[in-house]
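# Remarks on the overall topology
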Amino acid sequence: MTIQSRMQAKNASPRILGAARAIAHREGAGKITIDAVAREADLSKGGVLYNFPTKRALLAGLLDEMLAEHRERLASVPEDRRSRTLRGHLEAIVQARAVDDDLSMAILAAAASDPRLLDPLRAELTGDLERILSDTQDTSGAMVVVLAIQGLRFQKLLGLPDGGAGLRGRVIEQLRAMINELE
């Protein structure tokens, strides 16, 4: 590998992750392979492996990217709002894209054989839960909202029945009202 090709490979992580997301969006997360990502990113397989030595490493990179987007969504909630983190979690569900669901499923599937893959997610959500519970005196009420939001997330992720778009919208509005009551 020449110095120039090493530099290109070293700086290719965003391009590789973008290629993996494009494959997940177009063909489904199950089609993400090192070879497919290399083709999509217009890199050699070695260029991909230089950045992500295994498919697990690639999925971990995608999870890190998704967590960074999660933090950006939380940061978009005005700082003067109490229950900011809780509001951010609800809005993340409302704004979730199908490609995020596909990637989440791929990460969950990989985590079935290597549960440590989810350690960064667990750490992130532990911090979020601590902030949520410290933002209110009604910790049990806040926890009910957290569990409802997680339920909505997994309901959508797993394609479980949701009672239709109208009912789902009313449930989201009810959760917003519950968050307002926590303030």
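Residues numbered from 1 in each chain as written. Predicted model: local features only at pLDDT ≥ 70, side-chain atom pairs only at ≥ 80, totals over all residues. Heavy atoms only, no water.

### Thoughts on the overall build of the protein
The helix and strand tally for the protein stands at ten helices and zero strands. Going from the N terminus to the C terminus, the protein shows its helices and strands as α-α-α-α-α-α-α-α-α-α. The principal-axis extent of the C-alpha atoms belonging to the protein is close to 60 × 35 × 30 Å. In the protein, buried positions account for 40% of the 183 residues. Intrachain contacts of the protein at a sequence separation of at least 6 include 67% that bridge at least 24 residues. (Helix = DSSP H or I, 4+ residues; strand = E, 2+ residues; numbered from the N terminus. Buried < 20%, exposed > 50% of the residue type's maximum accessible area, 1.4 Å probe, protein only. Contact = heavy atoms within 4.5 Å.)

### Remarks on the packing of helix H8 (residues 119-134) against helix H9 (residues 139-157)
Packing of H8 against H9 brings their axes to within 9 Å, and their N-to-C directions diverge by 135 degrees. When the axis of H8 is compared with that of H9, the two are oblique. The crossing of H8 and H9 is right-handed. Between H8, through Leu129, Ile132 and Leu133, and H9, the contact on the second element is made entirely by Thr139, Ala142, Met143 and Val146. Per-class residue counts for the contact of H8 with H9 are six nonpolar, one polar and no charged. (Axes fitted to C-alpha atoms, helices over the stretch in contact; angles between N-to-C directions. Parallel < 35°, antiparallel > 145°, perpendicular 65-115°, else oblique. Left-handed = near helix turned anticlockwise from the far one by under 90°. Nonpolar A, V, L, I, M, F, W, Y, C, P; charged D, E, K, R; others polar.)

### Thoughts on helix H10 (residues 165-182)
The end-to-end C-alpha distance of H10, which contains 18 residues, comes to 26 Å, matching closely the 26 Å that a straight helix rising 1.5 Å per residue would cover. The complete set of buried residues in H10 reads Arg168, Ile172, Leu175, Ile179 and Leu182. Along the axis of H10, the buried positions cluster into a sector of 70 degrees, meaning they face one direction only. Across from the buried face of H10, at angles greater than 90 degrees, the exposed residues are Arg170 and Glu181. For H10, the elements touching its buried residues are helix H6 (84-95) and H9. (Expected span 1.5 Å × (residues − 1). Arc of directions from axis to C-beta.)

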